[in-house]
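# Architecture at a glance
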Amino acid sequence: MRLDGRQESGNVEDRRGRRVRGASMGIGGLIVVGLITWLLGGNPLDVLRQGGGEIVTQQTAQEEPYTPTAEEEEMATFTKVILKGTEDAWTEIFAKYGKTYTPPRMVLYTDAVQSGCGGASSQVGPFYCSADQTLYIDLSFFNQMKTQLGAGGDFAYAYVIAHEVGHHVQNLLGTLDKAHTRMAQVSKREANAISVRLELQADYYAGMWAHYDDARFGSLEPGDIEEGINAAHAIGDDKLQMEAQGYVVPDAFNHGTSKQRMAWLYKGYREGTLEGGDTFSLPDPSI
């Protein structure tokens, strides 16, 4: 991506190096939680509880000397630039629809963090908490994307951030609250189906950000979209389940298949309209 000279967001809180006691989780029956729950929509604690996990919310934080590596500091700057890009894009998009965009905050942390949704370890991956309208990211996750998922590249990393911002957009538009209310009223199978539509819409919104960012800054280079599509493929429910247990359980999907995620990301980039991202009115969100 072409990001030289770009502004950084001022809505970032750096908690790296801060120790948090009591922010632990029991994995329970959840399989490869760090991979399945990254790019998680809404409150990640809900998914962990469904899987038998436990979040301990008591914390004691203390500052310790922390010196990031040059690579980590470069990634911190990158996340701030991408977040600013999402702020610019969504401010423009909301204005077109007669709405005002309020950007989320982003917290950078290491190992564990206390959020408005409770305490969490970095094992949950990047997540958005609607209670405090904040994205939480342990920067080491981007290295895990590269080494464990084979989904490296600057646009792939930007896609992660833009997807979580997509959940913030859903929160502002009221979609997130309506979906979570409905999910609490139906069976687990039906709740999973609703979750899939939320996640695919967030993928679409990530594509929308790329559409606007490229139009404004000419930020995308050859191969960037392919990086994002590769990342979307790497975290499809079907692919992760097959790698984890050797078979797939469609009724347990809560993010969408690799094919669905790739398709909705690219659709958002191609169309760039809110109307195009309506995953809820379709009989089947596959496109």
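One structure accompanies this document, and this report is about it.

On to the overall build of the protein. Each helix and strand counted, the protein has 10 helices and eight strands in total. Relative to its 287 residues, the protein shows a buried fraction of 53%. For the protein, the share of sequence-separated contacts (at least 6 apart) that also reach a separation of at least 24 residues comes to 77%.

Glancing now at the side chain of K80. Checked against the element boundaries, K80 lands in helix α3 (residues 70-96). Put simply, K80 is tucked away with no salt bridge, and the nearest opposite charge, on E8, sits 4.5 Å away. Apart from residues no more than four positions distant in its own chain, K80 is found in contact with Q7, E8, S9, V12, M106 and L108.

A separate point is helix α4 (residues 140-148). Residues F141, F142 and M145 constitute the buried set of α4. One side of α4 holds all its buried residues, which, seen down the axis, span an arc of 105 degrees. Opposite the buried face of α4, by more than 90 degrees, sit the exposed residues K146, T147 and Q148. G150 sits one or two residues past α4 and shows a positive phi near 65 degrees.

Let us now look at the packing of α3 against helix α5 (residues 154-173). One can describe the packing of α3 onto α5 by two numbers: an axis separation of 10 Å at closest approach and a directional angle of 40 degrees. One element, α3, and the other, α5, form an angle in the oblique class. Crossing angle aside, the handedness with which α3 passes α5 is right-handed. Contacts between α3 and α5 pair M75, F78, T79, I82, L83, T86, W90 and F94 from the former with D154, Y157, A158, I161, A162, V165, V169, L172 and L173 from the latter. Residue composition of the contact of α3 with α5, grouped by class: 14 nonpolar, two polar and one charged.

If you walk through the whole model with that rule in mind, you get 10 aromatic pairs. Between F127 and Y136, the aromatic rings sit 5.0 Å apart at their centres with planes inclined by 15 degrees, giving stacked as the arrangement. Both residues of the pair, F127 and Y136, belong to the buried class. Measuring from centroid to centroid gives 6.2 Å for Y204 and Y205, while their planes differ by 65 degrees, and the two rings are edge-to-face. In terms of burial, Y204 and Y205 fall into one category: buried. Here a set of aromatic residues connected by ring pairs shows up, and it is made of W90, F94, Y101, Y204, Y205 and W264.

Time to look at unusual backbone geometry. The phi angle at D111 is positive, at roughly 75 degrees, despite the residue not being glycine. Checked against the element boundaries, D111 lands in the loop between β4 (105-109) and β5 (112-115). Even without a glycine there, the phi angle at Q133 is positive, about 50 degrees. Its location among the elements puts Q133 in the loop between β7 (127-129) and β8 (134-138).

All right, on to the environment of L265 then. With respect to the helices and strands, L265 occurs in helix α10 (residues 258-271). Distance from L265 to G207, taken between C-alpha atoms, is 4.8 Å for residues 58 residues apart in sequence.

Our focus in this paragraph is the sheet that holds β4. Pairing between sheet strands relies on hydrogen bonds along the backbone, with the strands arranged either parallel or antiparallel. Taken together, the four strands give an open sheet; going across it, the order is β1-β4-β8-β7, and neighbouring strands pair in mixed fashion. Looking along the sheet, the strands with just one partner apiece sit at the ends: β1 (12-14) and β7. Strand after strand, the sheet turns through a mean of 25 degrees between neighbouring axes, direction not considered. With three bridges joining them, β7 and β8 adopt antiparallel strand pairing. Its bridge partner lying in β8, C129 is registered against T134. On top of the sheet, α5 reaches β7 and β8; it is set at about 20 degrees to β7, its chief contact.

Rules used throughout
- Residues numbered from 1 in each chain as written.
- Predicted model: local features only at pLDDT ≥ 70, side-chain atom pairs only at ≥ 80, totals over all residues.
- Heavy atoms only, no water.
- Helix = DSSP H or I, 4+ residues; strand = E, 2+ residues; numbered from the N terminus.
- Buried < 20%, exposed > 50% of the residue type's maximum accessible area, 1.4 Å probe, protein only.
- Contact = heavy atoms within 4.5 Å.
- Lys, Arg positive; Asp, Glu negative; His and termini not counted.
- Salt bridge = Lys/Arg side-chain N within 4 Å of Asp/Glu carboxyl O.
- Arc of directions from axis to C-beta.
- Axes fitted to C-alpha atoms, helices over the stretch in contact; angles between N-to-C directions.
- Parallel < 35°, antiparallel > 145°, perpendicular 65-115°, else oblique.
- Left-handed = near helix turned anticlockwise from the far one by under 90°.
- Nonpolar A, V, L, I, M, F, W, Y, C, P; charged D, E, K, R; others polar.
- Phe/Tyr/Trp six-rings, centres within 6.5 Å; stacked < 30°, edge-to-face > 60°.
- Pairing = 2+ DSSP bridges.

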